[in-house]
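Residue-level listing of the chains:
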Amino acid sequence: MIGQSLMDLWSGFGVALQPHNLMWSFVGVLIGNLIGVLPGMGALSAISMLLPITYSLHPIPAILMLAGIFYGSQYGGAIGAILLNLPCHPPHAVTCLDGYPLTRQGKGGTALGITMIASFFAASFGIVVMIFASPLLVSVAFKFGPTEIFSIMLLGLLCGGTMSKGSPLKGVAMTIVGLLIGLVGTDVNTGTPRFTMGLLELSDKVELVALALGLFGVTEFLRSVNRMEIVGSGVKLGFRDMRPSKAELKQAFFPMVRGTLIGTLFGAMPGTGPTITTFIAYAFERKISKTPERFGHGAIEGVASPEAASHSKTQVDFIPTMSLGIPGDAVMALILGALLIQGIQPGPQLITEHADLFWGLIASFWVGNVLLLVLNIPLIGVWVKLLQVPYRYLFPAALFFIAVGVYSTNNSLFGVGEVLVFGLVGALFVALDFPVSPILLGYVLGPMIEENFRRALLLSRGDMMVFIDRPISASFIGICSLVVLGQLFFAGRAALRRRQALRLLAAG
């Protein structure tokens with residue numbers, strides 16, 4: 001089985017190194033790296049803006065490009081965090097704690113060097129996990145029918161909704177909003193229009209591109225429109241500054257390994273974003289350290305461990321997305337949507353039905369990570385310069401490309417109107433402290449859950465017990481119940497603590 005995986009990987013390198021595929025992989029990692037450096041312009045915004053391009057591409061280069069943007073942005077995000085104390089994206093907020101103090105001590109280049117080594121090591125480990133986990137997934141692929149697919153996607157929906165940032169109740173509410181948006185269009189089974197409000201343009205459902213660009217592109221623009229400051233002036237860095245000493249490498253090695261293992265563990269769990277993973281890795285490293293007081297004042301371990309966790313999780317995230325159809329976060333949900341646009345059904349049978357895509361993607365991870373390592377060394381000075389671009393130029397330009405991108409999908413201004421509506425709705429939700437990522441998760445998974453639910457009931461002649469009678473389905477339904485009960489328990493405990501605190505204040 002392992003031998004077959006290695007043969008498949010070899011054929012995957014043949015796919016990934018084809019000039020056309022290699023070019024789009026390079027484009028993805030370059031854009032991802034650039035997007036990662038710029039504050040506020042995360043992987044979600046970049047993938048949303050470039051999603052229209054994938055309509056005219058073959059599925060393999062399209063997915064290689066989107067994947068390159070995803071893990072390329074993880075590399076770029078560390079640069080602003082370490083050099084400027086600027087957490088361009090939430091997962092890198094914890095990197096600021098020790099990365100920026102290292103910069104103030106004149107070791108910013110060393111911190112970036114350690115970050116690049118940790119990132120490559122962790123990504124490589126994550127890729128190896130994907131290689132050797134795939135035979136197991138192939139062996140169980142044909143045991144998944146509509147009943148099992150419904151149950152496992154329901155688990156992904158619950159995890160994504162309840163484990164999002166902020167209140168679990170708000171996360172569930174936003175997931176339901178996404179489910180309702182996913183219902184808009186023509187019913188596949190009956191051909192009846194649903195929730196179209198008499199608009200012919202909505203009969204073919206809400207466009208994924210319009211939803212993603214509105215929620216993550218326009219919303220980010222509306223949030224940041226008044227930011228006028230310029231950052232990053234006076235930072236200079238050369239290649240020699242980025243070479244850590246042997247002592248520093250030795251100091252970072254075991255934290256790097258531990259962070260990689262934590263990221264791999266959380267990568268296999270749907271709904272646990274990279275932000276949670278990096279904070280857990282940092283907290284664990286500080287807990288086991290003999291000198292915890294060094295953390296927050298320039299500890300190499302405080303950079304190596306969370307960055308390794310972030311990158312290993314980024315790679316392992318593709319396992320539940322590609323093989324089970326369960327996106328680990330909003331970016332994975334968007335990549336899942338891109339697969340569906342290309343007519344590829346993610347799930348246990350993807351590995352056998354689209355082996356060239358699956359193994360080409362895995363091989364491209366290594367190719368892309370090598371490209372990133374090579375790119376970041378000469379371009380580090382360029383990335384620092386880009387941090388000085390004023391927001392009043394950056395975001396209007398992004399808004400222009402958003403409008404052009406969504407118009408190009410159907411050559412219709414109706415899509416541009418959809419983007420505007422979803423952008424305003426997203427900005428309103430963000431202002432009210434509601435997470436918008438679960439909306440995308442509900443939109444992508446909702447139609448697939450509905451389809452498999454109806455198919456399972458059709459095969460069982462309407463017997464709901466079919467979801468309990470089949471062992472695999474029953475296991476996932478049980479886990480779903482535990483997730484709900486766990487959230488109720490934590491919510492009840494938090495409410496009880498608030499009441500006790502209020503009583504103590506009243507008594508005092």
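The coordinates are above.
Rules behind the numbers
- For every chain, the first residue of the written sequence is number 1, and numbering continues from 1 along that sequence.
- Local features are withheld for residues below a pLDDT of 70 in this predicted model, meaning they are given only at 70 or higher, and side-chain atom pairs are given and counted only at 80 or more; totals for whole chains, interfaces and linings count all residues.
- Each side-chain value is derived from all of the structure's non-hydrogen atoms; neither hydrogens nor water enter the calculation.
- Points on a 1 Å grid over protein atoms alone make up a cavity when a 1.4 Å probe fits among them but cannot get out, and a pocket when they form an open set with protein on both sides within 12 Å along at least five of seven lines; lining residues each have an atom within 4 Å of a point.
- Grid points are joined across faces, edges and corners, and a volume is the space filled by probe spheres set on the points.
- Strands here are runs of E lasting at least two residues and helices are runs of H or I lasting at least four, both read from the DSSP assignment and numbered beginning at the N terminus.
- Each residue gets one label: Ala, Val, Leu, Ile, Met, Phe, Trp, Tyr, Cys and Pro are nonpolar, Asp, Glu, Lys and Arg are charged, and the others, such as Gly, are polar.
- One side-chain nitrogen of Lys or Arg within 4 Å of one carboxyl oxygen of Asp or Glu is enough to make a salt bridge.
- Per-residue accessibility, obtained with a 1.4 Å probe over protein chains only, is compared with the maximum for each type, and a residue is labelled buried under 20%, exposed over 50%, and partly exposed between these values.
- Between the N-to-C directions of two axes lies an angle of 0 to 180 degrees, each axis being a line fitted to C-alpha atoms and, for a helix, fitted only over the stretch in contact.
- Relative orientations are named as follows: roughly parallel for angles under 35 degrees, roughly antiparallel for angles over 145 degrees, roughly perpendicular for angles from 65 to 115 degrees, and oblique for any other angle.
- Crossings are classed by handedness, with left-handed meaning an anticlockwise turn of the near helix from the far one by less than a right angle and right-handed meaning a clockwise turn.
- Contacts are assigned to residue pairs that have any heavy atoms within 4.5 Å of one another.

**Points about the layout of surface pockets**
No. 1: Taken as a whole, the second largest pocket spans an internal volume of roughly 820 Å³.
No. 2: Looking at the second largest pocket, it is lined by 30 residues, and the ones nearest its centre are Val188, Lys205, Pro447, Met448 and Glu451.
No. 3: Where the lining of the second largest pocket is concerned, the elements lending two or more residues are helix H8 (168–183), strand S1 (185–186), helix H14 (330–341) and helix H19 (437–459).
No. 4: Here the lining of the second largest pocket takes 9 residues from H19, the largest share from any one element.
No. 5: Here the residues of the lining of the second largest pocket sort into 13 nonpolar, 8 polar and 9 charged.

**Notes on the pattern of salt bridges**
No. 1: Scanning the entire structure with this criterion turns up 6 salt bridges.
No. 2: With its nearest N and O atoms 2.6 Å apart, the salt bridge here joins Glu148 to Arg470. Remark: Arg470 occurs in the loop between helix H20 (466–469) and helix H21 (471–507) and Glu148 occurs in helix H7 (residues 146–162); sequence separation between them is 322 residues.
No. 3: Its relative accessible area of 2% is what places Glu148 among the buried residues.
No. 4: Residue classification places Arg470 among the partly exposed positions, given a relative accessible area of 36%.
No. 5: Linking Glu451 and Arg455 is a salt bridge whose minimum nitrogen-to-oxygen distance equals 2.5 Å. With Glu451 and Arg455 both in helix H19 and 4 residues apart, the pair spans about one turn of that helix.
No. 6: A relative accessible area of 42% places Glu451 in the partly exposed class.
No. 7: A cluster of three or more residues bridged by salt bridges with shared partners is formed by Arg194, Glu450 and Arg454.

**Details of the packing of H8 against H19**
No. 1: Between H8 and H19, whose axes approach to 7 Å, the crossing angle comes to 50 degrees. The orientation of H8 relative to H19 falls into the category oblique. Considering how the two elements wind past one another, H8 and H19 form a crossing that is right-handed. Mapping the contact onto sequence places Gly171, Met174, Thr175, Val177, Gly178, Leu179, Ile181, Gly182 and Leu183 in H8 and Pro438, Ile439, Gly442, Tyr443, Gly446, Pro447 and Glu450 in H19.
No. 2: Split into classes, the residues belonging to the contact of H8 with H19 amount to 9 nonpolar, 6 polar and 1 charged.

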